[in-house]
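These are the residues of each chain, in order.
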Amino acid sequence: MGFLTFPLFLFFTVICAERNGPIQTFVIPHSHMDVGWVYTIQVCYYIEQGSMHAYAANVYSSVTEALTQNKQRKFIAVEQEFFRLWWDSVATDKHKKQVRQLLKESRLEFIIGGQVMHDEAVTDLDDEILQLTEGHGFLYETFGVRPRFSWHVDPFGASATTPVLFALAGFHAHLISRIDYDLKDVMQKSKKLQFVWRGSPSLKEQQEIFTHTMDQFSYCTPSHLPFSNSSGFYWNGVALFPDPPKNGIYPNMSLPVTKETLHSYAKTMVQNIQQRAAWFRTNHVLWPWGCDKQFYNSSVQFANMDPLVEYINQNSKEFGVTVQYATLSEYFQAVHQSNLTWEVRGSEDFLPYSTEPFQAWTGFYASRNVLKGIARRASSQLHAAETLFTRYRVSYPDGPVPKEEALQKLKALRWAVSEVQHHDGITGTESPKVSDMYIEHLTQAMMGVEELLAALFLLPQTLGTHIIVYNPLAWNTTAIINVTVTLPMATVFDDQGQAIPAQTQSSADSNTTYDLFIVVNLGGLQHRKYLIKFSEKPGKEGSSTHHAWVVSFKRLNVSQELKTGRRLLPVLNECYKIMLDQDTNLLHSITDRHEKRTVRMSQDFWEYQVNGNVSAGPVSDNYIFSANGSAVRAYKAVKMEIVPGKIVTEIRQYFYREEADEDYTYSVTTRIPQSFPSGRLCYRMEQSYSLGPLVVNTEAVLRIKTSLKNNRTLFTDDNGYQMMKRPSRTFVNDTVARNYYPMVRMAYIEDDSSRLVLLSERAHGASSQSEGELEVMLHRRLWNNQEWTLGYNLTLNDSSVVRPVLWMTLGSLAATSSLYQREALELQHRPVVMKEPRTGSPIRPVVLPDNLHLLTLSVPGWFYSSNHTLHLRNMETGTPGSTQPDYDRVLLRIMHLYEKGEDPVLSQPSTINMKEVLRGMGEVRALEERSLTGTWDISDLQRWKWKASEDPGRGESFNVTISPKEIRTFFVYFKLK
């Protein structure tokens, strides 16, 4: 991302405390290369007739050439998307040979190694792992390189999930930067910017990782020069693209290093080094040299820095400082060898993130809701296609679907889903043209995978009345699917020819179509075929299909003085009694019929009206939520319809901004499953929302007020991996915005008796602003006159109508603890419905215990041998096996869903026999345990120990024990049929 905001600190020169010799400074050259943000990837990477017009390709070409010219120079490369594009389309044979040599000399180092530097607040665990795996797979099969360090310098806050994932991937150390300004100030002054982070309360020291927090200067080189009006240390200036200046003079080029400026530059640099040294415990200073879009002219950069480095080292006694070009691994190795005892940080995260008293970066949790939804749908579709193709490949290795074409379609969607995880992608903080680019890449790749699914199901291109339903989860499930049809009456038959329960009703979204709800029973990773027979007339009494009719209620004007609770209308199923207030057409209360406890509850829409004039005060933008007072009610009238059914009862509520409006601005449709006496469906209330178009400078929230005594404490998830307790905090300024947190999959409030859970299929912001309240920000539309924002078109004037989905559950703490983790995955990975199968043979289910989740099942198609020595040998010799995709290697990940002590049964370790579990797919002939991204054999993976920790040990080959919150990764090889 292109700008940094820091707290204002007085610059001062630190007189060093007693040290063993001079301060050892590690100058780390880098270029922060946003995969998106203001400019599209195409613009950043524009190439015409072999000539490079944009900065991205020039960075790698010029860095490679500059490092080759001088053995002292070094560089770290972070995001892989741009590097892969350069490697595949620009790099010459000479460049490629130079890169391999630089890697061999450890002067070019790949850091993190993911496709992008992923966001940490609104990304889902599945997608974080995917983008890391995509980058690691490329690096390992191309260079035999396996990154060991992170450089997460720009995500807007730091999740506790990220250090766990990086530890599982084999990293020695983690680096972060953007944390709350006031917390960073305290950590600097107390020399606590470095610590050992145990991100998971269940895994603790098993997956701990040393973490370095960048100081107040963050990842960009301090640019103030007391002797010049120009910025310092950026000698190539600011990148201009797609067309560079013809005279070679770029904006804001730093004053060159000459005989006249050399000492002044050195003095400035040394003062900054000394200032930073006072904030850390060791004698080593990490001095990042670079910033956004830097090193596109590396020869100019190094030609100025080389003499400066030499001059400081020649006068090291005078300065008390030595300087060297370095990679990140050299810095961390020096810190590790200091052999200090480090403070341990538990599973707390660094969210939310604020840069100033009125700059809480909590708005992006809800920015660009449409993009967030498409990104998650693409991820879900990818998961379904990966699992289905893997089953197909094992069962029909020589089947009619070309494996090469299938893999290419999967790779395209892997790339698109990975790309949008960038910290200026799924966050919604990019310009409109970049948002459009992400959506285009996702939808095009999804169309390709849709074609693949059709091929795998053997679907013809004709219309008919058959559907196929696929369960992408490794659990047996009962689900209600909704098929849009054009006739009001239908009977549904399963693949045994038996009529099954179904319901038809008029659609809330169209006057010409109907909803057909079907109850389906599916095994894990199993698909079944269903036949739909239509008719114009209602079926006979006792038919398996029920037609439900809409009951309309009078549209009511709503005011603060309105008396409520006098005329209550019940809607019941086996788990709930939902009371609707006929004086308001709003929810009144919900009774948990199993626990016999009633919770008063209202649910409606409110708006924060925010400032757009910078001269009038703080503004909200793509990133920042700055509430201009309390939220106000977003409607003046409510209309209600109820559709009582035997499978689903539907409650439709429409909210009108003004009493006389013909069109509603907000709506919520609640579906209550019927005839399920217990279990997940009984407790599930499915809610679909419609919001917009909004008025400019409006932030729309769903507000649920309850009688729960939650002490304004909220629980939200970190990336769908673990739940975080969010107690209400009071600040001098910006208390509303700083009490918002990311909700990726779930959020809940609770008291001693009951818990209200919301599950989401895309990220939102969540808060508990008052006792018993749960508030979810669902949509934003903003504009402000800040010059910087207007210049980059980052005003978020989003006029779209958004349609998110939430599932709501109310119950005891014990009941909901056993439900919500799996329910969140049931929402994310709903059954895939395809129309018109031509053929299909029954397949056996693959079923895991209730506390284990099949996180990944795919055919990655990597070239490399899983034997590291053999892989390196193949690369050296150019053996054909090193350049052909391996279609027989299956990547499998299994995750334990529960924390220690969360549930008396489900929190126990679970032991499975992999041969037995996967027998529904085929016969397993070999199993190899790997690191998270697959590049390490787990028995070869050794990470630095920063504090003594026990080796948990592993079981023997096919029997695998998975403990709470573990994610274990395997290569599986089947005996092909």
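The rules behind the values
- Residues numbered from 1 in each chain as written.
- Predicted model: local features only at pLDDT ≥ 70, side-chain atom pairs only at ≥ 80, totals over all residues.
- Heavy atoms only, no water.
- UniProt positions renumbered as here; feature names shortened; annotations may be inferred.
- Helix = DSSP H or I, 4+ residues; strand = E, 2+ residues; numbered from the N terminus.
- Rg over C-alpha atoms; globule rule 2.2 N^0.38 Å.
- Buried < 20%, exposed > 50% of the residue type's maximum accessible area, 1.4 Å probe, protein only.
- Contact = heavy atoms within 4.5 Å.
- Areas by Shrake-Rupley, 256 points an atom, 1.4 Å probe, with all protein chains shown as cover.
- Lys, Arg positive; Asp, Glu negative; His and termini not counted.
- Charge placed at Lys NZ, Arg CZ, Asp CG, Glu CD.
- Pairing = 2+ DSSP bridges.
- Axes fitted to C-alpha atoms, helices over the stretch in contact; angles between N-to-C directions.
- Phe/Tyr/Trp six-rings, centres within 6.5 Å; stacked < 30°, edge-to-face > 60°.
- Disulfide = S-S within 2.5 Å.
- Salt bridge = Lys/Arg side-chain N within 4 Å of Asp/Glu carboxyl O.
- Parallel < 35°, antiparallel > 145°, perpendicular 65-115°, else oblique.
- Left-handed = near helix turned anticlockwise from the far one by under 90°.
- Nonpolar A, V, L, I, M, F, W, Y, C, P; charged D, E, K, R; others polar.

- For the protein, the name recorded in an unreviewed UniProt entry is Alpha-mannosidase, with Oncorhynchus mykiss as its organism.
- As its UniProt record puts it under Sequence similarities (unreviewed entry), the protein is described as follows: "Belongs to the glycosyl hydrolase 38 family."

**Thoughts on the overall build of the protein**
- Helix and strand content of the protein: 21 helices and 47 strands.
- Relative to its length of 977 residues, the protein is compact, with a C-alpha radius of gyration of 29 Å against a globular reference of 30 Å.
- Expressed along its principal axes, the backbone C-alpha trace of the protein runs to roughly 95 × 70 × 55 Å.
- Buried residues in the protein amount to 63% of all 977 residues.
- Across the protein, every contact between residues at least 6 apart in sequence was considered, and the portion connecting residues at least 24 apart equals 77%.
- Accessible area of the protein: about 36,100 Å², with a carbon and sulfur share of 50%.
- One way to put it: in the protein the 98 positive side-chain charges average out to a point 2 Å from where the 103 negative ones average out.

**What to know about the pairing of strand β24 (residues 576-581)**
- With 5 of its 6 residues buried, β24 lies for the most part within the structure.
- Linkage of strand β23 (residues 568-572) to β24, two consecutive antiparallel strands, is achieved through a turn of 3 residues.
- What sits between the antiparallel neighbours β24 and strand β25 (residues 586-592) is a turn of 4 residues, in which N585 has the positive phi angle 65°.

**Focus: the sheet that holds strand β42 (residues 852-858)**
- An order of β42-β43-β47-β45 is seen for the 4 strands of this open sheet, with the pairing classed as antiparallel. Taken across any chain shown, the strands that pair with only one partner, and hence form the sheet edges, are β42 and β45 (923-930). The mean inter-strand angle of the sheet, taken between neighbouring strand axes irrespective of direction, is 30°.
- For β45 and strand β47 (residues 967-975), the ladder comprises 7 bridges, and the chain directions are antiparallel. The partner of L927 across the bridge, within β47, is V972.
- In the packing of helix α5 (residues 125-143) onto the sheet, contacts are made with β42, β43 (889-896) and β47, and the angle to β43 comes to roughly 145°.

**Considerations on the UniProt feature "domain: Glycoside hydrolase family 38 central" (unreviewed entry) in the protein**
- The UniProt record annotates "domain: Glycoside hydrolase family 38 central" (unreviewed entry) at residues 359-442.
- Secondary structure content for residues 359-442 is 65% helix and 2% strand, and the end C-alpha separation is 31 Å.

**Focus: the packing of aromatic side chains**
- As enumerated under the stated definition, the model contains 63 aromatic pairs in all.
- Here F138 and F143 contribute two aromatic rings whose centre-to-centre distance is 6.2 Å and whose plane-to-plane angle is 85°, an arrangement assigned as edge-to-face. You'll find F138 and F143 in the same group, each marked buried.
- A centroid spacing of 5.4 Å and a plane angle of 70° characterise the contact between F233 and Y265, whose relative ring orientation is edge-to-face.

**Points about the state of the cysteines**
- Inspection of the entire model under this criterion finds 2 disulfides.
- Shown here is the disulfide that connects C220 with C291, its sulfur atoms set 1.9 Å apart. Between C220 and C291 the sulfur-sulfur dihedral comes to about 60°; the bridge is accordingly right-handed. In this pair, C220 is assigned in the loop between β8 (209-213) and α8 (262-277) and C291 in the loop between β9 (284-289) and α9 (298-314), connecting sequence segments 71 residues apart. Comparing C220 with C291, the two get one shared label, buried.

**Observations concerning the sheet that holds strand β41 (residues 832-835)**
- Ordered by their spatial adjacency, 5 strands build an open sheet running β17-β16-β20-β14-β41, and the pairing between neighbours is antiparallel. Of all the strands in the sheet, the pair left with one neighbour each is β17 (499-500) and β41.
- Pairing of strand β14 (residues 466-470) with strand β20 (residues 527-535), which is carried by 5 bridges, proceeds in the antiparallel orientation. Residue H466 lies in a different strand from β20, and its bridge partner there is L531.

**Side note on the pairing of strand β7 (residues 194-197)**
- Residues Q194 and V196 point to one face of β7 and F195 and W197 to the other, with burial holding for every one of them.
- Pairing between β7 and β8: 4 bridges, direction antiparallel. When the sheet's bridge partners are listed, F195 is paired in β8 with T211.
- Of the pairings in the sheet, the one linking β7 to strand β11 (residues 344-345) comprises 2 bridges and is parallel in character. Opposite W197, over in β11, you have R345 as the bridge partner.

**Some remarks on the pattern of salt bridges**
- Counting across every chain of the model gives 47 salt bridges.
- The shortest N-O distance in the salt bridge between D124 and R745 comes to 2.7 Å. Taken together, the residues span a long stretch of sequence, with D124 in the loop between β5 (108-110) and α5 and R745 in the loop between β35 (741-743) and β36 (746-750) at a distance of 621 residues. R745 shares its class with D124; the two are buried.
- Of the charged contacts, one joins R726 and D718 as a salt bridge, the two residues approaching to 3.3 Å between their closest N and O atoms.
- R726 sits in the buried class, given a relative accessible area of 4%.
- A network of salt bridges, in which partner residues are shared, links D515, K639, E641, E650, R652 and R671.

**Structural notes on the environment of N628**
- Its place among the elements puts N628 in the loop between β26 (597-609) and β27 (632-633).
- Spatially, the C-alpha atoms of N628 and N611 are 6.4 Å apart, while their sequence positions differ by 17 residues.
- Every residue in contact with N628, bar those within four places of it in the chain, is listed here: Q609, V610 and N611.

**Some details on the packing of α5 against helix α6 (residues 161-168)**
- α6 packs onto α5 with a crossing angle of 40° between their chain directions and a minimal axis gap of 11 Å. On the basis of their axis angle, the class for α5 and α6 is oblique. The two elements α5 and α6 meet at a crossing, and its hand is right-handed. Residues L125, E128, I129 and L132 of α5 lie in contact with α6, whose contacting residues are T161, L165 and F166.
- For the contact of α5 with α6, a count of residues per class yields 5 nonpolar, 1 polar and 1 charged.

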